[in-house]
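So the chains spell out like this:
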Amino acid sequence: MRALKSLRAIRMMRSFRLFRGLRLLVKACQCFLPSLCWAMVLLGVFMTMGALIMGNLLQSFVTDEEANFEDREWIWMRYGTAYRATYTLYEITFAGNWPTNARPVMERVSHVFVIFFVLYITIIAFAVIRVISAVFLKDTLDAAQNDAEHLVVDRLRKKAEYVEKLEAIFRAIDDSGDGIITEARMNEILSNDKVAAYFQTLDLDVHEGAALFHLLDNGDGEVTLDEFIDGIMRCKGPARAIDQVAMHADLKQLDIKLAKMARYFNHFDLSPRSKKDRSKKERSSVAGRSQALRGFLAHDAGSPQQKPR
């Protein structure tokens, strides 16, 4: 009952959620628990196999009355039963004190046992343990990367740092200090190979200053700090799927508009005719259709849903 009452101290772990570092460590420990269980199953199989092999091989030495009694007692205390041999192999696997449990066997019994210990230490204590440690490390890193709150905070921090770099670049380009960059100044700066290489470190593949300037400019022929930052943020990195979908939607809307215009123009006879060949009725019909077409185009251009980007 006292031991069960002492388990109430586990409630202290609830305070870990107040600290981001401790919360991240606890979540990482929860993630590698399944890997830990399967790793212990695998190591348990190897340790049991090794314990049974050593116990059976050393039974003849333990029962040999002609051998030294102290040596027989030492072997019995460590390899005499399945439980003792398994615990000894557990110490050899995890404690790293295998020389104290291996060398007396070779010196007091036989040096043939060096084959078993060399194979066991090389395969289990060296190779398998390090593979398991790598799996634990992978699970811990995955848990740290998949933490939603930590991911959002990290992205916001990186975005703020990126914006600060862009502000520093803008101030370096704006030699006049008036907060405006012209196309000539942009071409002059990007003609420098070092500047182009620095832009590539910011995930911006820039080849021509004129192309970048027209992407950043809103049509007034000048680029301000806000336009520079907003434009660079849109150009940063490869094309995203949402950008491609948006472009496809714009092209589809444009195709629908052109199809409507084509249907309207199909009602007209656009071949040149003289005024004598046209009747008054045809002229009135053409004028009415032209007025309807102008009304349709005016309504379509003024609609906020169909406003061209």
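Conventions adopted
Residues numbered from 1 in each chain as written. Predicted model: local features only at pLDDT ≥ 70, side-chain atom pairs only at ≥ 80, totals over all residues. Heavy atoms only, no water. Core = buried A, V, L, I, M, F, W, Y, C linked by side-chain atoms within 4.5 Å. Buried < 20%, exposed > 50% of the residue type's maximum accessible area, 1.4 Å probe, protein only. Helix = DSSP H or I, 4+ residues; strand = E, 2+ residues; numbered from the N terminus. Phe/Tyr/Trp six-rings, centres within 6.5 Å; stacked < 30°, edge-to-face > 60°. Lys NZ or Arg CZ within 6 Å of the ring centre and 35° of its normal. UniProt positions renumbered as here; feature names shortened; annotations may be inferred.

**Some points on the nonpolar core**
Residues M54, I75, Y79, V105, F117 and Y120 are the most contacted members of the largest nonpolar core, which totals 28 residues. For this core, the elements supplying multiple residues, two or more each, are α3 (33-62), α4 (69-79), α5 (82-95), α6 (98-108) and α7 (114-145). The element best represented in this core is α7, accounting for nine residues. Judged by nonpolar contacts, the second largest core, of 16 residues, contains V163, L166, I181 and L190.

**Regarding the packing of aromatic side chains**
Counted by the stated rule, this structure contains three aromatic pairs. Here the aromatic rings of F116 and F117 are separated by 5.4 Å at their centres, their planes lie at 80 degrees, and the arrangement is edge-to-face. No difference in accessibility class separates F116 from F117, as the two residues are buried. Among the aromatic residues, those joined into a cluster by ring pairs are F116, F117 and Y120. Of note, R108 hangs over the ring of W74, and the distance from its end group to the ring centre comes to 5.1 Å.

**Considering the UniProt feature "transmembrane region" (unreviewed entry) in the protein chain**
In the UniProt entry, the feature "transmembrane region" (unreviewed entry) is given for residues 21-54 and 112-137. End C-alpha to end C-alpha, residues 112-137 measures 37 Å, and it is 92% helix and 0% strand.

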